[in-house]
Protein chains: 2
Amino acid sequence: MSKPPRRPLTLRDVSEASGVSEMTVSRVLRNRGDVSDKTRTRVLEAAKMLGYVPNKIAGGLASQRVNLVAVIIPSMSNMVFPEVMMGISEILDDTELQPVVGLSHYKPEREEAVLYEMLSWRPSGVILAGLEHTDAARAMLASAGIPIVEIMDTDGEPVDAMVGISHRRAGREMGEAIVKAGYKRIAFLGTKMPLDHRARKRFEGFTQALAKGGLEIADSEFYAGGSALMKGREMTEAVLERTPDIDFIYYSNDMIGAGGLLYCLEKQLDIPGEIGLAGFNGVSLLEGLPKHLTTMDACRSEIGRKAAEIIAARTLKGAEGGGEVVTLVPEIIYGGTLRNPPEE
Amino acid sequence: MSKPPRRPLTLRDVSEASGVSEMTVSRVLRNRGDVSDKTRTRVLEAAKMLGYVPNKIAGGLASQRVNLVAVIIPSMSNMVFPEVMMGISEILDDTELQPVVGLSHYKPEREEAVLYEMLSWRPSGVILAGLEHTDAARAMLASAGIPIVEIMDTDGEPVDAMVGISHRRAGREMGEAIVKAGYKRIAFLGTKMPLDHRARKRFEGFTQALAKGGLEIADSEFYAGGSALMKGREMTEAVLERTPDIDFIYYSNDMIGAGGLLYCLEKQLDIPGEIGLAGFNGVSLLEGLPKHLTTMDACRSEIGRKAAEIIAARTLKGAEGGGEVVTLVPEIIYGGTLRNPPEE
DNA sequence: ATGAAAGCGCTAACAT
DNA sequence: ATGTTAGCGCTTTCAT
């Protein structure tokens, strides 16, 4: 029952309490170098008794190494980035590295500020979403002298390494499948986010595939904010009223897709005959809906894992590396809202 | 187009480039102390040109102050903690403080390890979920010498400050509302998590309220893992088959509640007449379902905001404080799945 | 308004 | 296996 110390404990305190030099205490606490079992035990006991917590600020300064990995993502609010985080943690949990997360809210200037802040902690590596950044951010990344992995998207030039999928291709493939299934009057529903480059690239790939099939987007609608499920429902209703002959709706994410699906089920529309639906992401959250939405897996946890592996390999194994490119290939997950192609 | 420096830049580099002492450069970069406009401009230009990023490791060691707030939560996977995080960020964004998140995965030992790791960075404060921790964790918290705010739950004794709701009371009030509405055969569906103390307390309060009304839980089911929406559906089906006279189901979270709601709608059950349903959390994610689930707001972002305010006030305004207790009172959100009490 | 010196708590490098 | 010394890059404090 000793009262809490006013001054935080230092190595010196443990050194004095155990009668061992600071250096040896440091070695014990870090499991580095040869220390006799007897000394080790004594030090550990003293440290525990005092309630000593090492000061990584001082340690980092002295060793010039900080086991932090900066992770910068746009948001936490739609489950895709939390899943990426889980993939990252899964790998880093087996190492000494620790992820530290920062949010950009899809704003490049904010991303730049967060990056600056994080780099000032001298992390061992940086993982950040997307290939589009401010010039200043790219400059900081390029001169940071640590592994940089840009994730999610591979349609562009990375500063260093990149891990992701081609969203252009993802949109194109879904477009091709829809065209092939014989749908003609196709609508697109998405988010109103000029800065969501990945959604934009999917949209581009999608329209491109339709064009190749001689089709154009028959209608489209974009939203911002609010409950995605409800927005999906509302936008679907709006589009179907405005353009009644729509026979397919491609949603830019599964959540609004689910809202649309629920709406169509309620209206007793024949899915996928009368109307087909598809989303994007493969959100397992939504398993359990009355009917499964056809969608495309964005390989989120795999992306997190690969990115973390690159950082870990270069940081810990001293592998030289640099410029790694990992392109994952998403596949359509058929869920019963996209009909089979007509027989030849 | 200068090539990236091998050695990270230091204050000295900026000092030399600008012809101003390190000390003055430091003052400019921190906006502290009097510096002439001329000097300031010169320093800022030099720093920008070189691409200098301050070293907070060194700064933190020298100043003995680190603007980090450690936040330890169980998980990111169910939207409740991300919402708490948003509340925290909302407040801290207006200050110099920065949140750093660690996850405990509902394991006390893991929480202890994460806490130790975070305390070793000497944060300005700690926010952590729940009042139940290992003895070692409580000891660390008690002797850390910084503001500690335990959040979510107020049914217990905090180490220092606490902000949350009484889950016991939340469960009791929902139980009372259900009893008052005249339901008699009441089931409970929840997660199989002995370490989720808040769910346990809600359950306790709930059974207590039923007991006061002369009722007992008629059936119950618990799940672990998997898609909550689907589990809600499956468990609802199981319970209704096993105990067909069930007239109310209380779900421990809105996600499984939504799954149950979708199942009941599909089976064309009369809600809330034939069967009533209620959840917990007030997840706006689910607005857009064909029928709204009656639930209870857990005040998540408000909890985050209040907790951050306590840390900010004590850290920045030097307010002495200590032991603040903020008890928020959640209210039932009626959504059409709980019938009105019978007329007297 | 600016500068010089000392030192934050730890670890690398070099003894012994 | 253990100890000693010299910083790591900044900020504090005290001068000027």
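Only a predicted model underlies this, so the values are computations on that prediction, with no experimental measurement involved.

(A) Geometry of the overall build of chain A. A tally of regular secondary structure across chain A gives 12 helices and 12 strands. For 344 residues, the compact-globule estimate of 2.2 N^0.38 gives 20 Å, and the C-alpha radius of gyration of chain A, at 26 Å, exceeds that figure by more than 25%. Counting across all 344 residues of chain A, residues that qualify as buried make up 53%. Contacts spanning at least 24 positions in sequence make up 68% of the contacts within chain A whose residues lie at least 6 apart. Split by element, the accessible area of chain A, about 15,500 Å² in all, is 51% carbon and sulfur. Positive and negative side-chain charges in chain A, numbering 40 and 47 respectively, have mean positions lying 7 Å apart.

(B) Structural detail: the packing of aromatic side chains. The full count for this structure, using the stated rule, is 15 aromatic pairs over all chains. Between B:Y183 and B:F248, the ring centres sit 4.7 Å apart and the planes meet at 65°, which makes this aromatic pair edge-to-face. Of this pair, B:Y183 sits in the loop between α8 (167-180) and β6 (186-191) while B:F248 sits in strand β8 (residues 248-251), placing them 65 residues apart in sequence. Of the two residues examined, B:Y183 and B:F248, each falls in the buried class. Where B:F188 meets B:F222, the ring centres are 6.0 Å apart and the plane angle is 45°; that geometry is what we call tilted. Of this pair, B:F188 sits in strand β6 while B:F222 sits in strand β7 (residues 217-223); the two residues are 34 residues apart in sequence, bridging distant segments of the chain. The exposure class assigned to B:F222 is partly exposed, which follows from its relative accessible area of 36%. Joined through ring pairs, the aromatic side chains of A:F188, A:F203, A:F206, A:F222 and A:Y250 make up one cluster. Over the ring of B:F280 we find B:R202, and its NZ or CZ is 4.0 Å from the ring centre. Its end group placed over the ring of B:Y183, B:R339 keeps NZ or CZ at 3.9 Å from the ring centre.

(C) Quick peek at the protein's contact with DNA strand C. Among the 24 residues in the neighbourhood of DNA strand C, the closest are listed as A:L11, A:S26, A:Y52, B:D34 and B:T39. Of what DNA strand C places within 4 Å of the protein, 69% of the atoms are sugar or phosphate. In the model, a phosphate oxygen of DNA strand C is placed 3.5 Å from a nitrogen or oxygen of the A:N55 main chain. One of the side-chain N or O atoms of B:Q64 is found 3.0 Å from a sugar or linking oxygen in DNA strand C. Those elements giving two or more residues to the surface near DNA strand C turn out to be α2 (22-30) and α4 (56-63) of chain A together with α2 (22-30) and α4 (56-63) of chain B.

(D) Just the protein's contact with DNA strand D, in detail. Near DNA strand D, the surroundings consist of 24 residues, among which A:D34, A:T39, B:M23, B:S26 and B:Y52 are the closest. Restricting the count to atoms of DNA strand D within 4 Å of the protein gives a sugar and phosphate share of 66%. Between DNA strand D and the protein, one listed contact pairs a base oxygen with a backbone N or O atom of A:A62 at 3.2 Å. Measuring from a phosphate oxygen of DNA strand D, one finds a backbone N or O atom of B:L11 at 2.8 Å. The set of elements that each furnish at least two residues to the surface near DNA strand D consists of α2 and α4 of chain A together with α2 and α4 of chain B. Considering each element in turn, the surface near DNA strand D owes the most residues, 4 residues, to α4(B).

(E) Layout of the sheet that holds strand β5 (residues 161-165) of chain A. Residue and element names in this part refer to chain A. Within the open sheet, the 6 strands sit side by side as β2-β1-β3-β4-β5-β11. Their pairing is parallel. A single partner strand is all that each edge strand has here, and the edge strands are β2 (98-103) and β11 (325-328). Strand-to-strand twist in this sheet, taken as the mean axis angle between neighbours without regard to direction, amounts to 15°. As defined by bridge partners, strand β4 (residues 148-153) adjoins β5 across 5 bridges and the pair is classed as parallel. Within the sheet, the bridge partner assigned to V149 lies in β5 and is A161.

(F) A look at the layout of surface pockets. Reported here for the second largest pocket is a volume of approximately 1,200 Å³. What lines the second largest pocket is a set of 47 residues, among which B:S75, B:S77, B:N78, B:Y106 and B:Y223 lie closest to the centre. For the lining of the second largest pocket, the element with the highest residue contribution is helix α5 (residues 80-92) of chain A, accounting for 5 residues. Residues that form the lining of the second largest pocket fall into these classes: 26 nonpolar, 15 polar and 6 charged.

(G) Focus on the packing of α2(A) against helix α3 (residues 37-50) of chain A. Residue and element names in this part refer to chain A. Orientation of α2 relative to α3, taken along the N-to-C sense of each, is 85°, at an axis distance of 10 Å. With respect to each other, α2 and α3 are oriented roughly perpendicular. In contact with T24, V25, V28 and L29 of α2, α3 contributes T39, R40, V43, L44 and A47. Taken together, the residues of the contact of α2 with α3 break down into 6 nonpolar, 2 polar and 1 charged.

Rules behind the numbers
Residues numbered from 1 in each chain as written. Chains lettered and ligands numbered in written order. Predicted model: local features only at pLDDT ≥ 70, side-chain atom pairs only at ≥ 80, totals over all residues. Heavy atoms only, no water. Helix = DSSP H or I, 4+ residues; strand = E, 2+ residues; numbered from the N terminus. Rg over C-alpha atoms; globule rule 2.2 N^0.38 Å. Buried < 20%, exposed > 50% of the residue type's maximum accessible area, 1.4 Å probe, protein only. Contact = heavy atoms within 4.5 Å. Areas by Shrake-Rupley, 256 points an atom, 1.4 Å probe, with all protein chains shown as cover. Lys, Arg positive; Asp, Glu negative; His and termini not counted. Charge placed at Lys NZ, Arg CZ, Asp CG, Glu CD. Phe/Tyr/Trp six-rings, centres within 6.5 Å; stacked < 30°, edge-to-face > 60°. Lys NZ or Arg CZ within 6 Å of the ring centre and 35° of its normal. Near = heavy atom within 4 Å. Polar contact = N/O pair within 3.5 Å; in protein donor to acceptor, adjacent residues only side chain to side chain. Pairing = 2+ DSSP bridges. Axes fitted to C-alpha atoms, helices over the stretch in contact; angles between N-to-C directions. 1 Å grid on protein atoms, 1.4 Å probe; cavity = no way out; pocket = protein on both sides within 12 Å on 5 of 7 lines; lining within 4 Å. Points joined across faces, edges and corners; volume = space filled by probe spheres on them. Nonpolar A, V, L, I, M, F, W, Y, C, P; charged D, E, K, R; others polar. Parallel < 35°, antiparallel > 145°, perpendicular 65-115°, else oblique.

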